[in-house]
Every structure is written in C-alpha cells, then in structure tokens.
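What follows is the residue order along each chain.
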Protein chains: 2
Amino acid sequence: MNLNMVCLDLEGTLAPELWVELARATGIKELERTTRDEPDFGKLMRYRMDILQHNKLTMDEIQSVLRQVEPMDGAKEFLDEVRSLSQTIFVSDTFEQFAKPVMEKLGMPIIFCNRFKVDDQGYISDYRIRCTPSKPVTVMALRACGFETIAAGDSYNDLGMIRLSKAGWLFRSTEAIKAENPDIPALETYEDLLAGIKDAL
Amino acid sequence: MNLNMVCLDLEGTLAPELWVELARATGIKELERTTRDEPDFGKLMRYRMDILQHNKLTMDEIQSVLRQVEPMDGAKEFLDEVRSLSQTIFVSDTFEQFAKPVMEKLGMPIIFCNRFKVDDQGYISDYRIRCTPSKPVTVMALRACGFETIAAGDSYNDLGMIRLSKAGWLFRSTEAIKAENPDIPALETYEDLLAGIKDAL
C-alpha cells in the first residue's frame, strides 16, 4: 500500500530529443548544437533563441513541426499500462511548449519541466527554469508530500533522480554512462522496464 | 512565463462525493456516516472498512459500483480545457482506488491522494494517508520544486490550499463556508472558474 509515483524522463526515454528533431525537420543545422558543444546553458539557450528568430520560426511554427514527432515505438502502450498501475509523471529538462505535441500523442500525461516565454510576435524571447537541479529537487518535493518514487531515464541528469528513488533504472543509456554507473541497473526494452516497475510498486 | 500548476479538489468540485455515491448505489445506509457524525477519522475509517467487509464488498465490487459515478455536468470539458492551458493535478483526500473509475472518465488526469491496502481476499484492510494536512503540504511541495499554484475546492480542507496559492476560489461551496471565508472569492460555474484560471495563468 505504498504511495508510489513513477517518474519518467521524456527525451531519449519515451520520445526522441526534441531539439534534434527540430533541427532535422527544419534543416537548420545550428540547432544541433547541444551542451556538449556549449557547456554554458544560458549561452546555448540565447544562441538557440537567436537562431529561431533569425529563421523566423515562431512558437506556433515550432509546435507545427514538433507535431510530426512520434513517441518511440511501444512508448504509448508502455505508458498507458504504467499509468493504469500507478500515478506517473514526466520529469524533464525540456520546455512545456516543446513537449506539448508529443504529450498529446502520449494521452496528456503530466510533465514537470521548464517553460518558454513567447513575445507579442510569437517568438521565444526568454525561458524559465523550474528548479535546479531539477530532477533531484522534484523527487525530494514528491517525497515531502508523501510519495515513494520509482524512476527511469537515459542520461546524466537522470542519475540523481534514479539514486534518490526506491527503485530506478538507466533506460537506453549510453555505454559510457552505464560503465560509469555500474550501481544502477540498465534496461533496453519497455517490457523489462514495465516488469521492473511492477516489481517495485 | 510562470510555471503554473492548477490544483483541483475532486469530490464536490468535479465529481460527486464517492462515499455518498457508494452508500446510495449499494443501499448501505451506514456508509453515509461522515466526519460530521464521527470526527475521529481513524474511527470512521475502521467503521467503514468493517461495514464493507460485513457486506462482503471487495475492492473489485466497489470499483464496479463506482464505475457508475459520472463527473459533474461539464466537468470533463472544463478539465480538458484547463489541461490544455496548464499542468493540472487533483489534490484530494479520497483514495486512489476509489477515484480511479472517475479518473478514467475524466481522461486519466493525475491525482495526489491516499491509498487503500487490499488483503488477499480482496477486502480493504487498511489505508495509507499521503501527508497531513494533505493539501497545504502538497502546495508547499509543488512550490519547492518551482511551481506557482492556482487552486479551487468546495470544502474546509481546501481552504489552506486556496490561501497558499497565487489565485484560488471556493467552488460550489456551502453558504456557511462562504460566509466564514469572505476573503476567498466563491464561484458556481465552470465557465467562471475557467475564466478565473485563464486570468491567473
């Protein structure tokens, strides 16, 4: 009779990387730049907003493009089953407006993430980060109001959330992250992740 | 560009009172007993569990009965629109298994509430309260991970959540509660509540 909250990463876990998809679909190579190329997140975001405005891409147009992005194969069925078993949230470092089209395809689950400010012309002009470090702080807040968390994600920013949870997995992560974190079990299929979650509930 | 979380009460606000509906549908008058009759919540819950077991009502059977409960008129349409505008949660003192049938009818929104323990025979044998006082603690946890809350509810246990939020309303409350809390605006229709929420976002 635990009060569980399943905390899922979005990009790389149930959906593809949204900036990468946007770069691919629009053909704007500059949008492929990530924190690996520019470790200063503020600088990277300013660069991205400038590129979008330079290419006259408004939020409406970005959302039209992102409406073409599909959840990973089997992700919707996996999520439907998890939501039938436990309260479930996405905890992500994406932005609410970017995630919305794929959230609609996933059946409107809730997402705890960041948010863009859009100016009167419809361009992204600023952004608001929800909290830092976002995933561990979110898990601690969920614990503070009575939940035990169960978590999965693919990347460095998921490690804290996974380690603070009563059960957690790296999911479709890189060989480097798996090698550096041998204490965290690594899974590759939704079938195995669902079995793990069922076991932890 | 605020990071908003709309926090809605369930029973009395978007759905009828589930214990009352269960009493009505099963004809078990004893289940109409509430905290107004027995202020000791632990005693009331023990009484309710005994009545359910005495009447041989398992959780499966209870959920079958509760599947007949419909959201209030217009509640689903209201909720769909709120969810399209903002991340939204139910914050309720009901139990996850009781709420599930009506959550399915409402499009599987998330609910932060309590949970029953079900024994091997399928009977409710115990329960777990998520946190106390549940609604104010939940709002504080949401604030701790970066959200500004907007809240609505009909009853005494909603007052703290409403007062801790940047905007909030009593919704379809009693004359007594409205009279005792003149600082909180009181609304009666989903149209007005939606307008208020849009204004606060």
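Only a predicted model underlies this, so the values are computations on that prediction, with no experimental measurement involved.

**Brief notes about the sheet that holds strand E4 (residues 124–128) of chain A**
All names here are of chain A.
Part 1 of the reasoning: Read from one edge to the other, the open sheet built from seven strands follows the order E4-E3-E2-E1-E5-E6-E7, with strand pairing classed as mixed. The open sheet terminates on both sides in strands that have one partner only, identified here as E4 and strand E7 (186–187).
Part 2 of the reasoning: Across five bridges, the pairing between strand E1 (residues 4–8) and strand E5 (residues 148–153) is parallel. When the sheet's bridge partners are listed, Asn 4 is paired in E5 with Glu 148.
Part 3 of the reasoning: On top of the sheet, helix H4 (residues 75–85) reaches E1 and strand E2 (87–95); it is set at about 130° to E2, its chief contact.

**A short note on the sheet that holds strand E5 (residues 148–153) of chain B**
Paired through backbone hydrogen bonds, the strands of a sheet run either parallel or antiparallel to each other.
Residues and elements named next belong to chain B.
Part 1 of the reasoning: If you trace the seven strands from one edge of the open sheet to the other, you get E4-E3-E2-E1-E5-E6-E7, paired in mixed fashion. Strands at the two margins of the open sheet, each flanked by one partner only, are strand E4 (124–128) and strand E7 (186–187).
Part 2 of the reasoning: Bridge count for strand E3 (residues 110–118) against E4 is four bridges, and the pairing is antiparallel. Along E4, the bridge assignment pairs Phe 116 with Tyr 127.
Part 3 of the reasoning: Here helix H4 (residues 75–85) sits on the sheet in contact with strand E1 (4–8) and strand E2 (87–95), set at roughly 130° to E2.
Part 4 of the reasoning: Packed onto the sheet, helix H5 (residues 96–105) meets E2, E3 and E4 and runs at close to 130° relative to E3.

**A look at the pairing of E3 of chain B**
Residues and elements named next belong to chain B.
Part 1 of the reasoning: Pairing of E2 with E3 involves four bridges; the strand directions are parallel. Bridge pairing in E3 links Ile 89 to Ile 110.
Part 2 of the reasoning: In terms of handedness, the path from E2 via H5 over to E3 forms a crossover that is right-handed.

**Quick word on the relation of the copies chain A and chain B**
Part 1 of the reasoning: Of the two same-sequence chains, chain A is brought onto chain B (RMSD 0.0 Å, axial shift 0.0 Å) by a rotation of 180°. Between the two chains, the operation in question is that of a two-fold axis. The rotation axis passes nearest to the C-alpha of Ala 141 of chain A in chain A, at a distance of 2.4 Å.
Part 2 of the reasoning: A symmetric contact is evident, with 100% of the interface residues of chain A recurring at the interface of chain B.

**Focus: the pattern of salt bridges**
Part 1 of the reasoning: With the rule as written, the count across this model stands at 29 salt bridges over all chains.
Part 2 of the reasoning: The salt bridge involving Lys 29 of chain A is made with Glu 32 of chain A; its shortest N-O contact spans 3.7 Å.
Part 3 of the reasoning: For Glu 32 of chain A, a relative accessible area of 39% translates into the label partly exposed.
Part 4 of the reasoning: For the salt bridge of Arg 163 of chain B with Asp 183 of chain B, the shortest nitrogen-to-oxygen distance reads 2.8 Å. Of this pair, Arg 163 of chain B sits in helix H7 (residues 159–163) while Asp 183 of chain B sits in the loop between helix H8 (175–180) and E7; the two residues are 20 residues apart in sequence, bridging distant segments of the chain.
Part 5 of the reasoning: Bridged by salt links that share partners, the residues Asp 9, Lys 135 and Asp 158 of chain A form one connected network.

**Here's the deal with the environment of Leu 159 of chain A**
All names here are of chain A.
Part 1 of the reasoning: If you trace the backbone, Leu 159 turns up in helix H7 (residues 159–163).
Part 2 of the reasoning: Sequence separation of Leu 159 and Trp 169 is 10 residues, and the distance between their C-alpha atoms is 9.0 Å.
Part 3 of the reasoning: For Leu 159, the residues in contact, after removing those within four places along its chain, are Leu 170, Ile 177, Asn 181 and Ile 184.

Conventions used here
- As a convention, each chain's residues are numbered from 1 in the sequence order in which they are written.
- A letter from A marks each chain and a number from 1 marks each ligand, given out in the order of writing.
- A pLDDT threshold of at least 70 governs which residues receive local features in this predicted model, and a stricter bar of 80 or more applies before side-chain atom pairs are shown or counted, although totals over entire chains, interfaces and linings include all residues.
- Side-chain numbers here rest on the full set of heavy atoms in the structure, without hydrogens or water.
- Any two strands with at least two DSSP bridges between them are considered paired.
- Only DSSP runs of H or I covering at least 4 residues are called helices, and only runs of E covering at least 2 are called strands; the numbering of each starts at the N terminus.
- Note on definitions: a residue-residue contact is assigned when non-hydrogen atoms from the two residues lie within 4.5 Å.
- With axes taken as lines fitted to C-alpha atoms, and helix axes fitted only over the stretch in contact, angles between N-to-C directions fall between 0 and 180 degrees.
- Handedness rule for crossovers: strands pointing away from the viewer, path from the first strand over the helix to the second running clockwise, crossover right-handed.
- Least-squares superposition aligns the copies on the C-alpha atoms of those residues with pLDDT at or above 70 in both.
- In the sections that follow, a salt bridge refers to a side-chain nitrogen of Lys or Arg positioned within 4 Å of a carboxyl oxygen of Asp or Glu.
- Accessible area is worked out with a 1.4 Å probe on protein chains only. A residue is then buried under 20% of its type maximum, exposed over 50%, and partly exposed in between.

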